[in-house]
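Residues per chain, in single letters:
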Amino acid sequence: MSGALALAPAQAGPVIPDFGRGDECIRTNGNFCFNWFVDNFDERFLPRLGEHVKMTAIAIAIGFVIAFAAALLAHRHPRFELPFANLSSLFYTIPSIAFFQIMVPITGIGWTSIIIALVSYTLLILFRNILTGLREVPDEVKEAAEGMGLTRRQTLVRVELPLAVPAIMAGVRVATVTTISLATIAAFITPLGLGAPIFNAIQSGANTEFVAASLLAIALALLADAVIVLAQRAVSPWARARRRA
Amino acid sequence: MSPGTAAAEIVFDHVTKRYPGQERPAVDDLSLTIPAGEICVLIGPSGGGKTTAMKLVNRLIPLTDGDITIDGTSILDLDPVELRRGIGYVIQQIGLFPHMTIEANVATVPKLVGWDRGRTRARARELLDLVGLDPDEYAKRFPAQLSGGQRQRVGLARAMAADPPLMLMDEPFGAIDPITRERLQNDFLRLHREVRKTVIFVTHDIDEAIRMGDRIAILRQGGRLAQYDTPEAILAAPADEFVADFVGADRGLKRLGLRTLGEVPLLDEPAGRADHRPEATPETTLRDALSLMLTEGSNALVVRERDGHVRGYLTLDAVSRLLDAGAGRNGDASAGAREAAERGEAAR
C-alpha cells in the first residue's frame, strides 16, 4: 500500500476528476473513502470480484483434476512421481509476472493465458498433498482391506481416498489462497479480476481504489479458506473424533 | 444369518513358500490337516514362517509349491478376492477403517458381497452384541473413540460379519494389555463354542497357544513343522529338544493348567491332620490347586461343590501321579528328544 501512496502524484487538487460526489475525503485523496467505495462498489468492484472468483475457481478445478490424476498415477507407479514433481516445481519457480507475459504470444491476451499460468502454480502443492495423503494411509488399514477382499479399486475409492481427504483439503486451501493472491497479477496483461483496480490505482494514484481492491482480495482469500475448512470438516467428521473420557 | 452355519476343514498339502533371492524357504513342505471347527494355533520363533503360512491361506502371499484346500476346494481354483471375502481376517494392528463408524466397519464384507441394507445393519448390531459391545452405544462411534481392547472386539466382529467358515487371526491380542488380553481370550473361546468356526491363530506366546488351541502346530526356523498335536500331548511328550525348549521347563505345570479338579478322579479323605486343609471348587485348575497346597503348606486339599458338599480330596502325590499317567510313553524331554533325533536321522 505504501508503494501506491508513494506513486501518487505530488500536486494538490482532485487527481481523479469525476468520481461521484466529490466529498472532502476523495478530494484530498484519503487512504480509504468509505462513501466513495460504497457508491462505486457495484460498478467498479463487483464485476472484478466476480471475475476474480471465476478465474480462481477455474484454475483450482483444472489444477485439481490434473494434480489428482498425476497423484493417482504416482501412487500406483512411483516412478512417475519424480518427473511430475520436478515439472510442477519448475512451473512454481517461474516469476509470476514473467509467466503471464510469456503466455501472451502463445495463447493471446485473455482468459486462456491467465488460467494456464494460474493452473501451473497450483500443481505442485495439490500434487504433493494428494500423494502424501494417499501414502499416509496406515499399512494395517490397507492390509485389512486387502485381507477382507476389497479390490485395489475398492481400496482406493472406499479407504485410501476418504482417508486422504484432510491432506487433500489442506492442499486445496493453500492452493486457493495462493491463487487468489496471484490472480491479481493477471491484470498485468489484461484488466480482469481485482488486479484491474489495483493496477488502475497504481497508475492514477487513487488511494481508495487501491486499498478497496486489496482488501477485497484479502477478504476473498479468508472467506475461501474458511469455506474450505468447513467443507473438510463436513466430509471427514472422523478426523476430529477423539476418544471420549 | 444364524451364527455358526458351517466350519471348513483346512488341509495344508506339502506347502512350500520360497521368497525369490532367499536361500532358505520361509515355509518348508508343511503338511497338516485342521479339522472343521477347531482352533489351530501356529506358533514358533520369529523366522518360523507362522504368519507366512497363515497368509498363504487367503493368498495375501502366493505359495510356491503344494496346495491348500478348504473343504476340498483348492485355494488356487478361486479368485483371490472371492476367496478372501469368505475368510475372516483379524490382525494385531486391527486395521479398522478410521473414517467409518463402528457399524460401517463391521458391515464391510456384507456390503461387498451385496447384502441388503436391513440385513447388513441387523447383522452388524447382532455381532457387536456378540463381542460384548452395546450396539446402541457404540454403533455410531468412530474407531478413535474406542480403547484398544474395544477396537479388537470390533475387529473380531468385522471378521465374522459374513459368517465365514474359516478365520485367520494374526496375533490378534498381541498388542493388548495382559488383563484385557485374558478377558478377550476367554470371550473369544466362549464365542467360538457358540459359532464353531475353523480358526487359524498365529501367536508367539506359548501360554496363549495352550489356552486357545485345540491343536498347536510348532514351526521351527526355516518354516518346518516340529510338532502338530493337542496342547496336552505336546506338553506331555514334546517331539524333540527344540519343542521341549520352546514349551518351557514348566511344561508340567502348564499341563496341570489344562485340567480342572472337576475333570480328574478325586480321593476319599486321606489320613493326617484335617485342619488347615485349603479348599477349592471343581472349576479350579490342577495348577492352581497345586499352588494352593504349596502356599498353604498342606499336602492335601478339599474340593467342595458350590452347594457346600465335599466332592473329594486331592493330594500332592495324586497330582504327581496324574502328571505321570498323562505323559503317555515318556515324560523325559531329553529322552524324547533323542528318540526324535534318531527318527530324523533314520528318515534322512
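Residue numbers here run from 1 along each chain, matching the order of that chain's written sequence. Each chain is given a letter, starting from A, and each ligand a number, starting from 1, according to the order in which they appear as written. Reporting of local features is limited, given that this is a predicted model, to residues whose pLDDT is at least 70; pairs of side-chain atoms are given and counted only at 80 or more, and all residues count toward the totals for whole chains, interfaces and linings.

Caption draft 1: Just the overall build of chain A, in detail. Every helix listed is a DSSP run of H or I at least four residues long, and every strand listed is a run of E at least two residues long, numbered separately from the N terminus. Counting secondary structure elements, chain A contains 10 helices and zero strands. Ordered by position from the N terminus, the helices and strands of chain A form the series α-α-α-α-α-α-α-α-α-α. Three exposure classes are used, based on other C-beta atoms lying within 10 Å of a residue's own C-beta, which is placed from the backbone: buried for 20 or more, exposed for 12 or fewer, and partly exposed in between. When each of the 245 residues of chain A is scored for burial, the buried share is 37%. Distance between backbone-placed C-beta atoms decides contact: two residues are in contact if it is within 7 Å. Contacts in chain A between residues at least 24 apart in sequence constitute 72% of all its contacts with a sequence separation of at least 6.

Caption draft 2: Examining the overall build of chain B more closely. Each helix and strand counted, chain B has 15 helices and 13 strands in total. If one aligns the C-alpha atoms of chain B with their principal axes, the spans along those axes are about 70 × 60 × 30 Å. Within chain B, counting contacts between residues at least 6 apart in sequence, those at least 24 apart form 66% of the total.

Caption draft 3: Region of interest: helix H7 (residues 139–147) of chain A. Regarding H7 of chain A, the residues found buried are Val 141, Ala 144, Ala 145, Glu 146 and Gly 147 of chain A. Tucked inside the fold, the buried residues of H7 of chain A contact helix H8 (152–183) of chain A together with helix H2 (80–85) and strand S6 (87–91) of chain B. Phi turns positive, to about 95°, at Gly 149 of chain A, one or two residues after H7 of chain A.

Caption draft 4: Highlighting the sheet that holds strand S12 (residues 300–304) of chain B. All names here are of chain B. Pairing in this open sheet of three strands is mixed, and the strands run S11-S12-S13 from one edge to the other. Taken across any chain shown, the strands that pair with only one partner, and hence form the sheet edges, are strand S11 (279–280) and strand S13 (310–315). Of the strand pairs in this sheet, S11 and S12 are connected by two bridges, and their pairing is parallel. By the bridge assignment for S12, Glu 279 is matched with Val 302. Note: two strands are recorded as paired if DSSP finds a minimum of 2 bridges between them.

Caption draft 5: Representation of the nonpolar core. Connectivity within a nonpolar core runs through C-beta atoms within 7 Å, and the core itself is a set of buried Ala, Val, Leu, Ile, Met, Phe, Trp, Tyr and Cys residues. In this structure, Leu 118 and Phe 127 of chain A together with Val 41, Leu 42 and Ile 200 of chain B are the most contacted members of the largest nonpolar core, which totals 137 residues. No other element matches helix H6 (residues 111–135) of chain A, which puts 14 residues into this core. If you look at the next biggest cluster of nonpolar residues, it comprises 13 residues, including Leu 261, Ala 289, Leu 290 and Leu 301 of chain B.

Caption draft 6: Representation of the sheet that holds strand S3 (residues 39–43) of chain B in the model. Residues and elements named next belong to chain B. The strand order across the open sheet formed by six strands is S6-S7-S8-S3-S9-S10, and the pairing between neighbours is mixed. Two strands in the sheet have a free side with no partner beyond their single neighbour: S6 and strand S10 (224–229). Adjacent strand axes in the sheet meet at a mean angle of 15°, parallel and antiparallel pairs treated alike. Where strand S9 (residues 215–220) lies against S10, five bridges are found, and the strand directions are antiparallel. Bridge assignment links Leu 219 to a residue of S10, and that residue is Leu 225. Note on geometry: axes are C-alpha line fits, over the in-contact stretch for helices, and angles between N-to-C directions span 0 to 180 degrees.

Caption draft 7: Up close: unusual backbone geometry. Residues and elements named next belong to chain B. Despite not being glycine, His 14 shows a phi value in the positive range, around 50°. Here His 14 lies in strand S1 (residues 10–17). A positive phi is found at Ile 94, a non-glycine position, where the angle reads about 70°. Structurally, Ile 94 is set in the loop between S6 and helix H3 (102–106).

Caption draft 8: Region of the structure containing the interface of chain B and chain A. Taken together, the contact pairs 20 residues of chain B with 19 residues of chain A. Secondary structure elements with two or more residues in the side of chain B that touches chain A: H2, S6 and helix H4 (108–112) of chain B. Each residue is assigned to one of three groups, with Ala, Val, Leu, Ile, Met, Phe, Trp, Tyr, Cys and Pro labelled nonpolar, Asp, Glu, Lys and Arg labelled charged, and all others, Gly among them, labelled polar. Per-class residue counts for the side of chain B that touches chain A are 12 nonpolar, six polar and two charged.

Caption draft 9: Layout of the packing of helix H4 (residues 81–93) of chain A against H6 of chain A. All names here are of chain A. Running from N to C, H4 and H6 cross one another at 145°; their axes reach a closest spacing of 7 Å. Pair H4 / H6 crosses with left-handed handedness. Contacts between H4 and H6 involve Glu 81, Phe 84, Ala 85, Ser 88, Ser 89, Phe 91 and Tyr 92 on the former and, on the latter, Ser 120, Tyr 121, Leu 123, Leu 124, Phe 127 and Leu 131. Each residue belonging to the contact of H4 with H6 can be placed in one class, and the counts come to nine nonpolar, three polar and one charged. Left-handed is the label given to a crossing in which the near helix is rotated counterclockwise from the far helix by less than a right angle, and right-handed is the label when the rotation is clockwise.

Caption draft 10: The arrangement of the environment of Ile 198 of chain A in detail. Residues and elements named next belong to chain A. Note that Ile 198 resides in helix H9 (residues 195–204). For Ile 198 and Thr 132, which are 66 residues apart along the polypeptide, the C-alpha to C-alpha distance reads 37 Å. Residues contacting Ile 198, with those up to four places away along its chain left out, are Thr 184, Ala 187, Phe 210, Ala 213 and Ser 214.

Caption draft 11: Local environment of the pairing of S6 of chain B. Residue and element names in this part refer to chain B. With respect to burial, S6 is a largely interior element, five of its five residues being buried. Side-chain alternation along S6 places Ile 87, Tyr 89 and Ile 91 on one buried face and Gly 88 and Val 90 on a second face that is also buried. Strand direction decides the pairing type here: S6 and strand S7 (residues 166–170), joined by five bridges, are parallel. Its bridge partner being in S7, Ile 87 is matched across the sheet by Leu 166.

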